[in-house]
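Each chain, letter by letter, is given below.
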Amino acid sequence: MVYLKEILKNNKNKFNQYKNIELVAYTFVHNPVKLSELAPELSTEEELAFCGYKNEYVDTNEILKIIRKTPIKGISATSNIFKFAGLYLSAKEELKNLLTEKFATSDLKQKYFLCKIESNFLSNLLNDINNSDDNIAIIIRAIYDFERLSDEQINNALQSILSSDIDVPTQILLEDFESSLLKVKFSNKNADDTIRYILNNFSNAVQKIIKNRRKGKDNFQIKDEYDVQDILYVILKSVFPTLRDEDAVPKAGAKSTKIDFIIREEKILIEVKMMKEKDTNETNFIEELKVDFESYHQCAWLEKLYCFVYDPFKKTRDISNFQDLNGRRAKGQHEFEVEVIVVN
């Protein structure tokens, strides 16, 4: 599927040339933290939709005025699905029924896009494609493993879709399809199990390079968390090829946090800490993690955060202090799960 990656990359570059509401919608789905960097050229109504995508406050009455306008030549505020989706995000309760109507009358690729706006539609979409041989339906089924499909079915569907211009909903669909191909099945483990396995066995794995290297070869020294990150990067990258490291999240208040590792396709972040010989206990690490958690709410797509603590000098007095950080973290409408793994 290398050709697909190249096509999607070129198409993404093309989208970025157009400063329109379609680019706003695509960015919202693809990487919402980048919305603040956009400077689109929009109409007044589209500007309000842009605010909806950015989760900025908009007077609901302003949204309703747009929605209630008399259609001109059959074109209403709901005709442009990208503008309407942004307006909906600013007035969900008021426009819920209208969005449901829009979903019911949309084609499959538009329905897939609307599932990114309102996830409650997903079950309806899967019902719609249950017995469909439509090419879009086949790719959606492949993403969700809705039923076993042959390579021939998938390739034929892809070839047909790629024979025409790729619009924003199709780009979003195909990017998700490509990501689904990268999802890791490692020793019959899902991504979460694989990460836990790697982190819990880190201490055992590094013994070979810090103590037992071949004759004439210097042992590696793990002095700080950057050394831990470098070793973990090599291990994780070999299993998760889309792993990214050292990416900044937007500031929460006056603080900006760098994410150690990102596995976006699995909606996972990994933060790495190391307790050094000069550290006395885990207290400062606990407080640092609590502050960092607030920043991670800026990653709207995040579902699971792993905090890996390497404690080779056994400075942790009470491991339950770390374990107390486990569980759901909520801020506003965003939630993610935290799991702390401590090894020595």
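Further up the page is the structure itself.
The notes below deal with the structure included here. Counting from 1, residues in each chain are numbered in the order their sequence is written. Side-chain atom pairs in this predicted model are given and counted only at pLDDT of 80 or more, local residue features only at pLDDT of at least 70, and totals for whole chains, interfaces and linings cover all residues. Each side-chain value is derived from all of the structure's non-hydrogen atoms; neither hydrogens nor water enter the calculation.

Attention now goes to the overall build of the chain. Only DSSP runs of H or I covering at least 4 residues are called helices, and only runs of E covering at least 2 are called strands; the numbering of each starts at the N terminus. Secondary structure summary: the chain contains 16 helices and 6 strands in total. Seen through its principal axes, the chain has C-alpha atoms that stretch 80 × 50 × 35 Å. Among the 344 residues that make up the chain, the fraction classed as buried is 46%. Contacts were defined at the residue level, with two residues in contact if any of their heavy atoms lie within 4.5 Å. Pairs at least 24 residues apart make up 62% of the contacts formed inside the chain by residues separated by at least 6 positions. Only the protein chains shown count as cover for residues, and the accessible areas themselves come from Shrake-Rupley with a 1.4 Å probe. Carbon and sulfur atoms make up 44% of the accessible area of the chain, which amounts to about 18800 Å² in all. Taking the 49 positively charged and 55 negatively charged side chains of the chain as two groups, their mean positions are separated by 4 Å. Type-normalised accessible area, obtained with a 1.4 Å probe on protein chains alone, sets the label of each residue: buried when under 20%, exposed when over 50%, and partly exposed for intermediate values. Asp and Glu are treated as the negative residues and Lys and Arg as the positive ones, with His and the ends of the chain left uncounted. Working definition for charges: the position is that of NZ of Lys, CZ of Arg, CG of Asp or CD of Glu.

Take the packing of aromatic side chains next. Side-chain rings of Phe, Tyr and Trp (the six-membered ring for Trp) are treated as a pair once their centres are within 6.5 Å; stacked means planes under 30 degrees apart, edge-to-face means over 60, and tilted covers the remaining angles. Inspection of the entire model under this criterion finds 7 aromatic pairs. Aromatic ring contacts, followed pair by pair, group Phe-202, Phe-308 and Tyr-310 into a single cluster. In this structure, Lys-54 is placed above the aromatic ring of Phe-50, and the distance from its NZ or CZ to the ring centre is 4.0 Å. Geometrically, a lysine NZ or arginine CZ counts as sitting over a ring once it is within 6 Å of the ring centre and also within 35 degrees of the ring normal. One Lys or Arg, Lys-111, reaches over the ring of Phe-103 and ends 5.2 Å from the middle of that ring.

As a further point, take helix α6 (residues 92-105). Within an α-helix, residues lying three or four positions from one another point in the same direction, as the helix has 3.6 residues per turn. Multiplying 1.5 Å by the helix residue count minus one yields the expected span of that helix. An ideal rise of 1.5 Å per residue puts 20 Å on 14 residues; α6 measures up with 19 Å between its terminal C-alpha atoms. Elements in contact with the buried residues of α6: α4 (60-67), α5 (81-90), α7 (108-117) and α8 (122-128).

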